[in-house]
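Listed here are the chains, written in short residue letters.
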Amino acid sequence: MDQTATFKLPITIPPAKILSISPSSGPVMTEIPVSIVLSSFQVRADLEVTIGGSLMPQPRILFADVSEISLTVSLYSEYSGIQSVTISSGGVSVNTSFLSLLPQVKAECLGSCYIVDWDDSRLQIAIYGFPIVQNSSLWIIQGTNNARASILTSTVENGINILQVQVAFLIGLSTTYETTCFRVSQNQLDLDAVFCVPSYRKPRISRLNFNNLGNSLSLSFDQELDMNSMVSDCSNYFPEVNLSSFGKGSLCSWYDVKTLQVILGNDASVMVSQYLLFRGNISMMGRNIQNAEGMSSVVQPPSLASTPSITLDGPFEIASCDTARIIASCSSSRQPRFSWSFANSNVLTTLVQNLTGDTIFLKGGDLSAGITYQIVVTAYTFLGVSVTSKVHALTRTADPVPIVSLVLPAPPYKRPNSFYVTARSEFSTCAPTRTTLNFTWMLFSPQYSNSSIQAQGPEFFVNTMDLIPGSSYTLTLLIQSIFSSSILQQTIEIVRSGVKALIKGGNRTAYRNEANYAIDGSTSYDIDYAGTSTGLNFEWTCTAGSSPCRLKNGSKLNLPYLPNFYLNLYNLNLLDTNSLKITLLLSKGAYFDSQNIVLELSDNPVLPVEISSIVNNQLWVSLKALPATANARYSWKVYDASNNLMNQVLINKNACPAGLVSYDMVILNPSNILPRGEYAISVEMQYDNLVGTASIPFRVTWPPSGGQCSVTPSSGVELEQDFQIKCSSWTSDDLPLSYRFGLSRSDSAEISWTPQSYSNVYSTVLTSGSYGLVAAIIDNIGGSSLSETTNIRVLAKQFDNGTNFEDEIFASIEFALNTYESLGLVGQSLQLSNSAILSLQENQNRRLLASSLAYRMRVRNMLLAKMAGGNVNDKMNTRSMSSSLETVSNALQQPAEISPNGCSDVGQLLATCTTFLTVDFLRGDGFSTFLSSFDAYLITAKNFDKPVRRASLVSVLNNILNASTLYSTSMVQTEQPLIHVLSMYSVQVQRIGIDLNRLDVDLMHRGVSIDFGIFRTLTSLSSQDFSLTLVYTTDFWFLDELYDKGYIVCSTPSILYYVYSLRDLKMVWDCKAAGSPCFNIQVNMNRTVAEAASEIRLKCVLWNPQSSTWDFNACKMGSISIQADTAMAQCLCDSTGSVIVVQEDPDSSGLLGIANKLNLHHVYAWLLLTVSIYFCVVSYLIVATFRGTLNSITSSVSLTTDPPHHRRQSDRKMLFLEYEIKGELGLLHEIQEPREQDDDDQPGPSAATDHDSVSCSCCQLKSQAVTFSTSDAPGSNSLSSPSHWFGDCQVISSPRTVVEKNQGLRLRFKKSAIGGPVMLS
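Values in this document were obtained by computation on a predicted structure and should not be read as measured data.

K.L.:
What is the right way to read the overall build of the protein from this model?
P.N.:
Of the regular secondary structure elements, the protein holds 18 helices and 82 strands. Within the protein, buried positions represent 52% of all 1321 residues. Sequence-distant contacts in the protein: of pairs separated by 6 or more residues, those separated by 24 or more amount to 68%. Surface accessibility of the protein: about 59,000 Å² in total, with carbon and sulfur atoms responsible for 49%.

Here it is in structure tokens:
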């Protein structure tokens, strides 16, 4: 049986009104054709138009559609002044006004022409067509809208009456903007002059409401304000009674010219329906408004409150001896009220039903074995929104198993937002043994049998682009140890992401007579299936102001349903129109998205410039103006919402490496430089006599806000007490949130951070000391906020007398690290390592100050070995990489306490970090951090023997090359070179333009020229786009190979230069071709040798970074230029690397002519042998006087605390190797051993002022400066210990260097108070 139901649906029809009348004025006694546009007006047969009550001729309808009606009519008036125009039809009438003017009589407002309703206004009026008078009392002025005006003065300027008029503040303005007209006349004259000015009503709060998340308030005003004079201090706008309800740390910010945002802080208490007092202190039309009358309001709820997501964090299985901690997290700006229950146990429900907090504890003894309990939680937010209940399964096992929780972000899960799942584990308290846990992951969909993904380790990365939208997947985790295994499962739904509408080019200028203006939305896409436009529907609209665009014949403009089209601006009716808005509505099924651009219309032809957005996020922005050409001029500008130019702010922060006058625009760290709000980034392009502009919007979002983090307990015993930090109530517009937890010593500003994680809870043990714990809360687009720092005190363990506390603390640290390693807790491993390293450097810890060098070395190197040989290195990823870099850098702060094995571990860790670098990390402050870590690595490596030094240098160069090439892929062609100068090396990275034929670069006064014309001809690369990396090392540890081959080094090593093909994504090692070198390298060489270049044989040789060997055929010698103090050699090469000038075959006859300047090879060899033997004997006697622990410089030297007689052979070897290292500077001769000092001797006079100094005479060479210095052995802390000086030494020439003869040096050395050796450096 069919049934029909009828009901009435109320439809609100807006009242009829006149949108525009053009023109709005004209001379009297003349027919004026006028165009009138109306809305919500129905034309019937009785349509009439009257002016001043007089009926006008029948109007003509131009067009009529559902949105508007346009008609033309000829208006005629016999009287001057403001005439009422009435349009009526079908009983409906609408009114507007028309100003009839006498041609010879008029009034004109000069200067600031507007009046307001909150203050008196003054106007200057020029009156034409009246007799000249200077008596203000002869004038009469009357106004509409109850305007009260008076003539203050009447003057004459150039034969024109000038009136100063004061208008009292208006009363009763019904709209934000009206037109007020004034009629001016003279006594006893039948003449009227009319002028009209805009009238503005005082701004009012049109709406005061929470945003959809409840973490901010929006005060919307009914009109635009002057933001130039606005401040962001909330106390400027609200009284204290309201400020306290905004919470601690609340902020005010002008989102745009009509909206003030109040970002609520911690513990905010403002509620819906609360009355807020607004003090004013806003500005409009250049006038300050302080009166708060009529500007206070009641807080309204959000128009559509978001339903917060809820997650449960807790174990899935526990034993009877364990306690399960279940934590509920809700994306609400305030702590919600939680309701707990059990779906399958009324008994347990009664235990938790009265709990309203976010955490419950369940004892395993209260649960029945083998039963899976369904824990249900519901959250209720302060906005009255209840969150869909979340269910967590918990099973009590018969045998103890690891307590494992799965940490993952709150849903929804969709493309392209990949995420990761972490297994957070701890051992059962009743586990008989604690062995390493192995984690095996598998993600599969029952719908797709061949779609399983497997992985190992404590984390599983879910790449949503590998998953099918609209499908359900099961995530399975198998946890295995030697004695147990368990399986956990989690269901993951991949939902549809929708579509993304994009219009190429941004907002731009357009010539209003352009017949074919391109509009392109073809880059729009389906987010789930990027790269395809299948099924996308394009709907375009064009509006001029609030009306649809119309053709000149009045018909509405219809645009094609295509991805792109050409717009004929010439055919449009653009009268009184300065801009058009083009909107794209993109749809596919039930999914929609839109974007619009604004075309600013120009009366003159313009350049068709567009902006291409390459990267546009909170971390960095990269834009390009198109077309990009070197022949045009470009100018970039950044404006805030009130049109303030922000360029200087960016320049002051060095945030624009490509400058502001090229076709590229790069902004680094915009969220750290620019205040929160809306911005416009614009570019102006000039070519010949044409100019074009384009702009795109950019928003600096608010980072997460409103939350708090707490730490428990505030004190505890080192390496025993778990310190927990938990964050709650943080919200952001860009979910999900992730967290990093920082640790700092109370006396240091440096913070060591854990890897980024979705878990809002973190716990770890620490070594003794005073610490500050802080959290960084990070949203999905990189915006971050810091919580308040909480100070804790970690108490030192107490030991019985006679206990070796060093061994006990070392064992406790090692045990804790082994535990974290077994559980796969990388963050805790890194944070405990940082804690231990900082403890070694703690100035206030007297116990550790008393510790031995051996203990400090032992701890530091154990930490490095644990990191390099465990999960920190093996399971490193893009998130743990930065934390690993920080920890390694902390460990290297004391290079003297690093062993050769520790140095090798450092190299391994840093190399792994390099493989996980990202462009976003490097574009921030990451590149500086990365390079500093490798600098510390080289500082450490130079203490060791030749193989360690060389391996370290090669590793550093390779990793710098990998990092710099990755960085260069994000650089734009016009970007300035990136230069970092560090202790051991300097680096320069730059992009090379495709139109470049020759490039001259310089780093540390060392130059390289590249002939790209030849380079491109000789290579088989398809790329025309390259990057260049230059590296200069202060120590180059590969010269001995040249010495061993009998060469004499006559120059300092040049910079290393690398070329990278960006399009081919590979290194370009050479451009070999007969007689056509690509590289021209300038090297500084010995001036003495340069003067004798015609008499000896010189050669350019190249160190090949690819093979770490010297290439004797890659370069040929070019010209040599000699300056006053230096000489410069030119080497022409066909490969990348580092170039040096050597003298070959020193026994040739060409040397005899300069025997007075250069020693012969055989003399050198004989002298070297003689002095070496003498040196070894004397070295033994010298080393015998030294006591203390050595800082080994060779991998074979023991790093133990053996008795002195076990150290002396190492001492001798160390000094001998020091001679080998410094052999190129000269040999030491006639070393006199100082007097032996007994342990009971009293200290002599202090030599603190010059304990590390060296006096030297005649040590300035013509081509180089030789500087000797001393440094104490590791572990020496006394600056006032007695000093013993060696006698005079004579530096003589060795066959491995070219120096002047008879150069005397006086070397002064200090003997360490603890008996350590003094090092030549």
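K.L.:
In this structure, what is going on with the sheet that holds strand E56 (residues 708-712)? I would like to understand it.
P.N.:
Backbone hydrogen bonds hold the strands of a sheet together, and the pairing may be parallel or antiparallel. Within the open sheet, the 3 strands sit side by side as E56-E58-E61. Their pairing is antiparallel. If you trace the sheet from one side to the other, it starts and ends with E56 and strand E61 (761-764), each paired once. Averaged over all pairs of adjacent strands, the angle between strand axes in this sheet comes to 15°, irrespective of strand direction. Both E56 and strand E58 (residues 723-728) contribute to a ladder of 5 bridges, which runs antiparallel. In the sheet register, Gln-708 faces E58, and the bridge partner there is Ser-728.

K.L.:
Hey, could you run me through the state of the cysteines in this one?
P.N.:
A covalent bond between the sulfur atoms of two cysteines is referred to as a disulfide. Taken as a whole, this structure holds 9 disulfides when the rule is applied. The disulfide bridge from Cys-181 ends at Cys-196, spanning 1.9 Å between sulfur atoms. Between Cys-181 and Cys-196 the sulfur-sulfur dihedral comes to about 100°; the bridge is accordingly right-handed. Remark: Cys-196 occurs in strand E17 (residues 193-200) and Cys-181 occurs in strand E16 (residues 177-186); sequence separation between them is 15 residues. The class for Cys-196 is partly exposed, based on a relative accessible area of 33%.

K.L.:
In this structure, what is going on with the packing of helix H6 (residues 826-840) against helix H10 (residues 880-891)? I would like to understand it.
P.N.:
How two helices sit against one another is set out by the angle between their axes and by the gap between those axes. Contact geometry of H6 with H10 gives a least axis separation of 9 Å together with a crossing angle of 20°. Relative to H10, H6 is oriented roughly parallel. Relative to H10, the crossing made by H6 is left-handed. Packed against H6, whose contacting residues are Val-826, Leu-830, Ser-833, Asn-834 and Ile-837, the element H10 presents Ser-880, Ser-883, Ser-884, Glu-886, Thr-887, Asn-890 and Ala-891 at the interface.

K.L.:
I tried to follow helix H5 (residues 805-823) on my own but got confused; where do I start?
P.N.:
An α-helix turns once every 3.6 residues. As a result, residues three or four positions apart point the same way. A rise of 1.5 Å per residue sets the reference length of H5, with its 19 residues, at 27 Å; its end C-alpha atoms lie 27 Å apart and thus fit the reference within 8%. Within H5, burial applies to Glu-806, Ile-809, Phe-810, Ser-812, Ile-813, Ala-816, Leu-817, Thr-819, Tyr-820, Ser-822 and Leu-823. Where H5 ends, the next residue or the one after it, Gly-824, has phi of about 75°, a positive value.

K.L.:
Is there a simple way to think about the pairing of strand E71 (residues 1056-1061) in this case?
P.N.:
A regular strand places its side chains on the two faces of the sheet in alternate fashion. For E71, the buried fraction is high: 6 of the 6 residues fall into the buried class. Residues Leu-1056, Tyr-1058 and Tyr-1060 point to one face of E71 and Tyr-1057, Val-1059 and Ser-1061 to the other, with burial holding for every one of them. Where strand E69 (residues 1026-1033) meets E71, 6 bridges bridge the pair, whose relative direction is antiparallel. When the bridges of E71 are listed, Thr-1029 appears paired with Tyr-1058. The turn linking E71 back onto strand E72 (residues 1066-1068) is made up of 4 residues, and Leu-1065 within it adopts a positive phi angle of 55°.

K.L.:
Quick question: what am I supposed to make of the side chain of Asp-1111 here?
P.N.:
You can see Asp-1111 is positioned in strand E75 (residues 1109-1111). A distance of 2.9 Å separates the side chain of Asp-1111 from the backbone nitrogen of Asn-1113, its partner in a polar contact. Within polar-contact distance, the side chain of Asp-1111 engages the backbone nitrogen of Ala-1114 at 3.3 Å. Look past the residues within four positions of Asp-1111 in its chain and what remains in contact with it is Lys-1072, Val-1101 and Leu-1102.

K.L.:
I would appreciate a short explanation of the environment of Gly-249 in the present structure.
P.N.:
Summarising the element assignment, Gly-249 is placed in the loop between helix H1 (240-243) and strand E20 (251-256). For the pair Gly-249 and Gly-265, spaced 16 residues apart in the sequence, the C-alpha separation amounts to 4.7 Å.

K.L.:
It is not clear to me how the side chain of Arg-879 should be interpreted in this structure. Could you clarify?
P.N.:
Assignment of secondary structure puts Arg-879 in the loop between helix H9 (871-874) and H10. Its relative accessible area of 14% is what places Arg-879 among the buried residues. Polar side-chain contacts of Arg-879 include one of 2.2 Å to the side chain of Glu-459. Once residues within four sequence positions are removed from consideration, Arg-879 is found in contact with Tyr-420, Glu-459, Pro-755 and Gln-756.

K.L.:
What should I look at first to understand the pattern of salt bridges in this one?
P.N.:
Working definition: two side chains of opposite charge can pair if their charged atoms are close together. With the rule as written, the count across this model stands at 25 salt bridges. One salt bridge connects Asp-526 with Arg-496, and the closest N-O pair in it is separated by 3.3 Å. Of this pair, Asp-526 sits in strand E44 (residues 525-526) while Arg-496 sits in the loop between strand E40 (485-495) and strand E41 (499-500); the two residues are 30 residues apart in sequence, bridging distant segments of the chain. The closest approach of N and O atoms between Arg-1087 and Glu-1091, which form a salt bridge, is 2.3 Å. Residue Arg-1087 and its partner Glu-1091 are both found in helix H16 (residues 1087-1091); the two are separated by 4 residues, about one turn of the helix. Its relative accessible area of 37% is what places Glu-1091 among the partly exposed residues. In this structure, a network of salt bridges that share partners links the residues Arg-496, Asp-526, Asp-528 and Lys-588.

K.L.:
Looking at this structure, how should I read the nonpolar core?
P.N.:
In a soluble, globular protein the nonpolar side chains are often hidden away together inside. Trp-441, Leu-477, Tyr-985, Leu-1042 and Trp-1110 are the most contacted members of the largest nonpolar core, which has 109 residues in total. At 10 residues, helix H12 (residues 919-941) tops the list of elements feeding residues into this core.

The rules behind each value
Residues numbered from 1 in each chain as written. Predicted model: local features only at pLDDT ≥ 70, side-chain atom pairs only at ≥ 80, totals over all residues. Heavy atoms only, no water. Helix = DSSP H or I, 4+ residues; strand = E, 2+ residues; numbered from the N terminus. Buried < 20%, exposed > 50% of the residue type's maximum accessible area, 1.4 Å probe, protein only. Contact = heavy atoms within 4.5 Å. Areas by Shrake-Rupley, 256 points an atom, 1.4 Å probe, with all protein chains shown as cover. Pairing = 2+ DSSP bridges. Axes fitted to C-alpha atoms, helices over the stretch in contact; angles between N-to-C directions. Disulfide = S-S within 2.5 Å. Parallel < 35°, antiparallel > 145°, perpendicular 65-115°, else oblique. Left-handed = near helix turned anticlockwise from the far one by under 90°. Expected span 1.5 Å × (residues − 1). Polar contact = N/O pair within 3.5 Å; in protein donor to acceptor, adjacent residues only side chain to side chain. Salt bridge = Lys/Arg side-chain N within 4 Å of Asp/Glu carboxyl O. Core = buried A, V, L, I, M, F, W, Y, C linked by side-chain atoms within 4.5 Å.

None of the figures reported here should be taken as evidence of function without further support.
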